Amino acid sequence: MERRGAHQIAADVASGSISAAAVIDEALSSARGIGRSLNAVLETFDDHAMERARALDAARERGETPGPLAGVPVLVKDNICTSVGRTTCASRMLEHYTSPFDATAVARLEAAGAIVIGKSNLDEFAMGGSGEHSAFGPTKNPWDLSRVPGGSSSGSAAAVAAGIVPMALGSDTGGSVRQPAAFCGVVGLKPTYGLVSRLGLVAFASSLDQIGPITRTVRDAALALRVIAGHDPGDATSSRRHHPDPLEGLDHRVHHLTVGVPRQARGEANRPEAASAFDDALRTFAGLGARIVDLDLPSLDAAIAAYYIVSSAEASSNLARFDGLRYGRRAASRPGESVESLVSRSRTEGLGPEVQRRIMLGTHVLSAGYADAYYANALRVRRLLKNEFDAAFASGCHVIATPTTPGAAFRIGAHDRDPLAMYLEDLYTVPANLAGLPAISLPCGVSTAQGSALPLGLQLIAPAFHDAELLRAARMFESASPHDVLRPPVVPAA
Amino acid sequence: MRKVARLARLDPDDARVESLRAELSAVIGYVARVRAVDAAGVEPLVHVSDEPAHLAEDAPGPTLPEGSAAAMAPESFGPYVKVPKVLGDEGGGA
């Protein structure tokens, strides 16, 4: 049962060939075992999940039609609110925080029959690209326990790769779904900005954040998107636009597929393993009859700089709410202490070093005398970047391809003393967030250049609201690639 | 660094101020490249959505149950969030 996909589980539960209770029992046991040894799972909802599974089985026996995700065990990144258990954002600040409501994406999954079995680890407040910046310890990569699984949706990607669940929710502000998916050899989808409600996603950078699924196959990504996408009056940025069903026609090839390749995607940033996997991926597309065209997107060179300014500026504002008064951790008050001092001490005690660094950066770039030079210029670069993407798509590209990351998963601790080096790893993923475009990471190879077998990801980016077509192009690649279902060689014993 | 920390409502100790200075100098030095991009006359893009903003209907809707907001606070008193004295001799700084 371990490697069964979400669509297969749902079909089997619906037909009665397996009970939801058996599926959930096994997933919970795996989450408590492998999930804890990878430090991918922060909390399991044993009673809640088993109760829901039994209720679902009983309803089926009464003749009720189960939903499209009947009995599918799901892990939810712990910056997405669940009314069951805690929502910690992997921060001491919210260590004991419980949400009074479910995020819309969670509520929609559960309404479709999925069963949330627990919460997955992450970089604190989703800030980080390695999974190391959690107040509850780093997540480990199931391919090599000495390496990072990527982040910030570290636990969601590691858990799907390890076979604990076939589907997990992550959030993607600058690559936080796609980069860990690439490092763990699974599929990660960042939908178009506005397609999936952000209600109940603890805000990091509101103009960039988007919830997305991590799965082992493109079909399961499409299934998850079909369930969680769609307008939500509770999120003012949620789109009202009609969007096609991503499952319909998923196996139909994109006619005369044209794949654009920015010159930077073949640039010197790539380590040899990423460069060769990317070349192989383009050959796979060419073998499918796709036309490969070179693109010039000059603003990509400034994308990381623009991203770290915009995201940190928005984070410094969003995280101002964590004042130790209304939510979360409050420092022990001292007699006669001002509120300002108590707030500052509560934040300094409760927020981790990476979060404090981003808040400081964001505060600096927004401060008087710097806001125009940094923040406004970053937003101008963002406009140029979006215009360049629009022009590339208008010229006939269906998708734009890049490696998801410039190399395979690095060792835990490799960038401890150099945050900038860590930020530069995000060069391929941040542009889609700045421009609001849908993007997916697919397994495209395994490198043994560094001793252990490590997966690599191919990223495809599509025009806004062309998520269904993006998934079709991804499905074409998956069906032609020998890397469609990767399995980590090392899954530690429970 | 101290001024930015105060604006950010953070209170790093001296050693942390020094490490932040080194880390942030490198990052700020890097992100300064946005200033070199020829973007004169380009309208800043704050938000990607091109859909018109919809105002919510001015009508009562569901709210969180009474007391649930206070339950999220580290200190509460009945349905109220308890905070240190804000006005008066000792407070007022926040």
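As the structure is a prediction and not an experimental result, all values here were calculated from the model.

Enquirer: How should I be thinking about the sheet that holds strand E1 (residues 41-44) of chain A in this particular structure?
Expert: Pairing between the strands of a sheet comes from backbone hydrogen bonds, and it takes one of two forms, parallel or antiparallel. All names here are of chain A. Spatial strand order, E1-E3-E2-E4-E6-E5-E10-E11-E9-E7-E8: 11 strands in an open sheet with mixed pairing. Looking at the sheet topology across the chains shown, the edges are occupied by E1 and strand E8 (291-295). Strand-to-strand twist across the sheet, computed as the mean angle between neighbouring axes with direction ignored, equals 30°. Across three bridges, the pairing between E1 and strand E3 (residues 115-120) is antiparallel. Within the sheet, the bridge partner assigned to Val41 lies in E3 and is Ser120. Set on the sheet, helix H2 (residues 20-37) makes contact with E1, strand E2 (73-77) and E3; between it and E1 the angle comes to about 140°.

Enquirer: Can you walk me through empty space enclosed by the protein in this structure?
Expert: Leftover empty space is mapped by rolling, across the atoms, a probe with the size of a water molecule. Residues and elements named next belong to chain A. In total, this model carries four cavities of 30 Å³ or more according to the counting rule given. Approximately 90 Å³ is the volume attributed to the largest cavity. Here the lining of the largest cavity is composed, by residue class, of five nonpolar, eight polar and two charged. Taken domain by domain, the lining of the largest cavity gets at least three of its residues from each of domain 1 (6-252 + 439-448) and domain 2 (301-370). A volume near 60 Å³ is recorded for the second largest cavity. Taken together, Leu195, Leu225, Ala229, His243, Pro244, Pro246, Phe465, Asp467 and Ala468 make up the lining of the second largest cavity. Of the residues that constitute the lining of the second largest cavity, the class distribution is seven nonpolar, one polar and one charged.

Enquirer: Any chance you could explain the pairing of E2 of chain A here in plain terms?
Expert: Regular strands place their side chains on alternate faces of the sheet. Residues and elements named next belong to chain A. Buried residues dominate E2, accounting for five of its five residues. The alternating pattern of E2 places Pro73, Leu75 and Lys77 and Val74 and Val76 on opposite faces, both of which are buried. Where E2 lies against E3, five bridges are found, and the strand directions are parallel. Looking at E3, one finds that Lys77 is bridged to Ser120.

Each value, and the rule that gives it
Residues numbered from 1 in each chain as written. Chains lettered and ligands numbered in written order. Predicted model: local features only at pLDDT ≥ 70, side-chain atom pairs only at ≥ 80, totals over all residues. Heavy atoms only, no water. Pairing = 2+ DSSP bridges. Helix = DSSP H or I, 4+ residues; strand = E, 2+ residues; numbered from the N terminus. Axes fitted to C-alpha atoms, helices over the stretch in contact; angles between N-to-C directions. Contact = heavy atoms within 4.5 Å. 1 Å grid on protein atoms, 1.4 Å probe; cavity = no way out; pocket = protein on both sides within 12 Å on 5 of 7 lines; lining within 4 Å. Points joined across faces, edges and corners; volume = space filled by probe spheres on them. Nonpolar A, V, L, I, M, F, W, Y, C, P; charged D, E, K, R; others polar. Domains from an automatic or database assignment. Buried < 20%, exposed > 50% of the residue type's maximum accessible area, 1.4 Å probe, protein only.

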